[in-house]
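Structural characterization, general
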Amino acid sequence: MSEVVLEARDLKKYYPVKKGVLQRTIGHVKAVDKVSFELHAGETLGIVGESGCGKSTLGRLLVQLERPTEGKVLLEGRELKTDQELREMRRDVQIVFQDPYTSLNPRMTVGDIIAEPLLIHKKDLGLKGTERARVQELLEQVGLNPEHINRYPHQFSGGQRQRIGIARGIALNPKVLVCDEPVSALDVSVQAQVVNLLERLQRELGLAYVFIAHDLAVVRHISHRVAVMYLGQIAEQGEADQIYSHPMHPYTQALMSAAPVPDPVIQAQRERIVLSGDVPSPANPPTGCRFHTRCWKAKTGTCDVNVPVLEHKGKADHMVACHFAEELTSVTA
Ligand SMILES: Nc1ncnc2c1ncn2[C@@H]1O[C@H](COP(=O)(O)OP(=O)(O)OP(=O)(O)O)[C@@H](O)[C@H]1O
Ligand code: SF4
Ligand SMILES: [Mg+2]
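Let us look at the structure shown here. (Residues numbered from 1 in each chain as written. Chains lettered and ligands numbered in written order. Predicted model: local features only at pLDDT ≥ 70, side-chain atom pairs only at ≥ 80, totals over all residues. Heavy atoms only, no water.)

Notes on the packing of helix H3 (residues 110-120) against helix H5 (residues 131-141)
Two elements in contact, H3 and H5, have axes separated by 9 Å at closest approach and are oriented at 115 degrees. Of the possible angle classes, the one that applies to H3 and H5 is roughly perpendicular. Taken as a pair, H3 and H5 cross one another with a handedness that is right-handed. Judged by residue contacts, Val110, Gly111, Ile114, Ala115, Leu118 and Leu119 of H3 engage Glu131, Arg134, Val135, Leu138 and Leu139 from H5. The residue inventory of the contact of H3 with H5, partitioned by class, reads eight nonpolar, one polar and two charged. (Axes fitted to C-alpha atoms, helices over the stretch in contact; angles between N-to-C directions. Helix = DSSP H or I, 4+ residues; strand = E, 2+ residues; numbered from the N terminus. Parallel < 35°, antiparallel > 145°, perpendicular 65-115°, else oblique. Left-handed = near helix turned anticlockwise from the far one by under 90°. Contact = heavy atoms within 4.5 Å. Nonpolar A, V, L, I, M, F, W, Y, C, P; charged D, E, K, R; others polar.)

What follows is the structure, given as structure tokens:
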């Protein structure tokens, strides 16, 4: 396997919950709670989980938009401590946001939006007034007309705006692009085009992606490996093929059973696992296994008391955090 380009090691992000006139801290939202993974050069790691499970927070930690409460992000095995190292990291690890309508400044031209990261890092890159040519090259690379460099975001469709966000994301030749639900806000017909573009850029530029999505179907084709998150933690991770054909965590199995299957015969035969209740608050996560309040396999006395660790189960890279992890062939597609 190729070298590790980005590593999250025991990452935590706790947001204080404040109350009253004195704004006293009365607790913490454990948005990301001890997440570890490795991302290899040129691969795509899909991160999946329900709303509020900490995916965007994790994304912001990876690109240093936020500092972790605890834990580390390592770039090519190096810990980043000094300002210079962090600046380097911000160049090598870029982000594309979910909503192309709000993430682009409406008062800036497309050329200025894409050139902004080039200007910020101009000194480090040794650039001398060549941004315009580079921006036009980038527009072409993402399938937009380079002559539209002076237009404003509102003159583009949603899919085109996401292409602008991607052009900005790759402007500095990063090693890693964190894509936070890059197609969720787009029409279904446009989603595949943007995914195809990301796949082409990965091949051409050797980019590694952290691809965040809220359902398993979206990341299925683009991901080499997948991590399933629940309440700020990874419940299961491994090779995408393994996760989809042999999910072992009850939460992943439930998500899989809810995903539609193109074959109506298989769809009709499948058993659907319905999760009861809502996702608990990350400010007060359940004891023991965080999933026990909704888990259809939970055993009182074990699951509500003992925290399951993420450990190797099944094939090589497959890791599961469940006391009773096992394959359940009837839910697989
Ligand atoms: N700046 C913040 N201050 C306080 N709480 C926050 C902050 N950002 C996120 N949270 C909380 O952290 C938890 C995780 O949020 P996050 O946005 O990372 O989830 P998500 O998985 O990206 O959800 P979605 O699918 O809705 O985008 C949520 O409970 C959220 O309310
Ligand atoms: S540890 Fe128990 S509650 Fe948690 S996922 Fe496994 S069976 Fe369900
Ligand atoms: Mg999010």
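Here we look at the site of ligand 1
Ser51, Gly52, Lys55, Ser56 and Thr57 are the nearest of the 14 residues found near ligand 1. Between ligand 1 and the protein, one listed contact pairs an oxygen atom with a backbone N or O atom of Cys53 at 3.2 Å. In the environment of ligand 1, an oxygen atom lies 2.8 Å from a nitrogen or oxygen atom belonging to the side chain of Lys55. Sorting the residues of the shell around ligand 1 by element identifies strand E2 (24-40) and helix H1 (55-62) as the ones contributing at least two each. Looking at which element gives the most residues to the shell around ligand 1, the answer is H1, with four residues. When its residues are assigned to classes, the shell around ligand 1 shows five nonpolar, five polar and four charged. (Near = heavy atom within 4 Å. Polar contact = N/O pair within 3.5 Å; in protein donor to acceptor, adjacent residues only side chain to side chain.)

Description of the packing of helix H6 (residues 158-170) against helix H7 (residues 188-205)
In the contact formed by H6 and H7, the axes pass within 10 Å of each other and the chain directions differ by 20 degrees. Accordingly, the angle class assigned to the pair H6 and H7 is roughly parallel. Of the two elements, H6 crosses H7, and the hand of that crossing is right-handed. On H7, the residues touching Gly159, Gln162, Arg163, Ile166 and Ile170 of H6 are Val190, Gln193, Val194, Leu197, Leu198, Leu201 and Leu205. Of the residues that constitute the contact of H6 with H7, the class distribution is eight nonpolar, three polar and one charged.

Concerning helix H10 (residues 250-258)
With seven of nine residues buried, H10 lies mostly within the body of the structure. Of the positions making up H10, those classed as buried are Pro250, Tyr251, Thr252, Gln253, Ala254, Met256 and Ser257. Residues of H10 that are buried in the fold lie against helix H8 (216-220), strand E9 (225-230), strand E10 (233-239) and helix H9 (240-245). (Buried < 20%, exposed > 50% of the residue type's maximum accessible area, 1.4 Å probe, protein only.)

Things to note about the packing of aromatic side chains
Evaluated as defined, the whole model comprises three aromatic pairs. Pairing Tyr251 with Phe291 gives two aromatic rings, centres 5.2 Å apart and planes at 65 degrees, and the pair type is edge-to-face. Here Phe291 lies in the loop between helix H11 (264-269) and strand E11 (311-312) and Tyr251 lies in helix H10, a separation of 40 residues in the sequence. Each member of the pair Tyr251 and Phe291 is classed as buried. Here a set of aromatic residues connected by ring pairs shows up, and it is made of Tyr230, Tyr251 and Phe291. (Phe/Tyr/Trp six-rings, centres within 6.5 Å; stacked < 30°, edge-to-face > 60°.)

Some points on the site of ligand 2
As a matter of local geometry, ligand 2 sits amid His249, Pro250, Cys289, Phe291, His292, Cys295, Lys297, Ala298, Cys303, Cys322, His323 and Phe324. When the residues that make up the shell around ligand 2 are grouped by side-chain class, the tally is eight nonpolar, three polar and one charged.

Here we look at the pairing of strand E7 (residues 176-180)
Burial runs high along E7: five of the five residues are buried. The side-chain alternation of E7 yields two buried faces, one formed by Val176, Val178 and Asp180 and the other by Leu177 and Cys179. The pairing of E7 with strand E8 (residues 208-213) spans five bridges and is parallel. Among the inter-strand pairings, Val178 is bridged to a residue of E8, identified as Val210. Between the parallel elements E7 and E8, the chain passes through H7 in a crossover that is right-handed. (Pairing = 2+ DSSP bridges. Right-handed = clockwise from strand over helix to strand, strands pointing away.)

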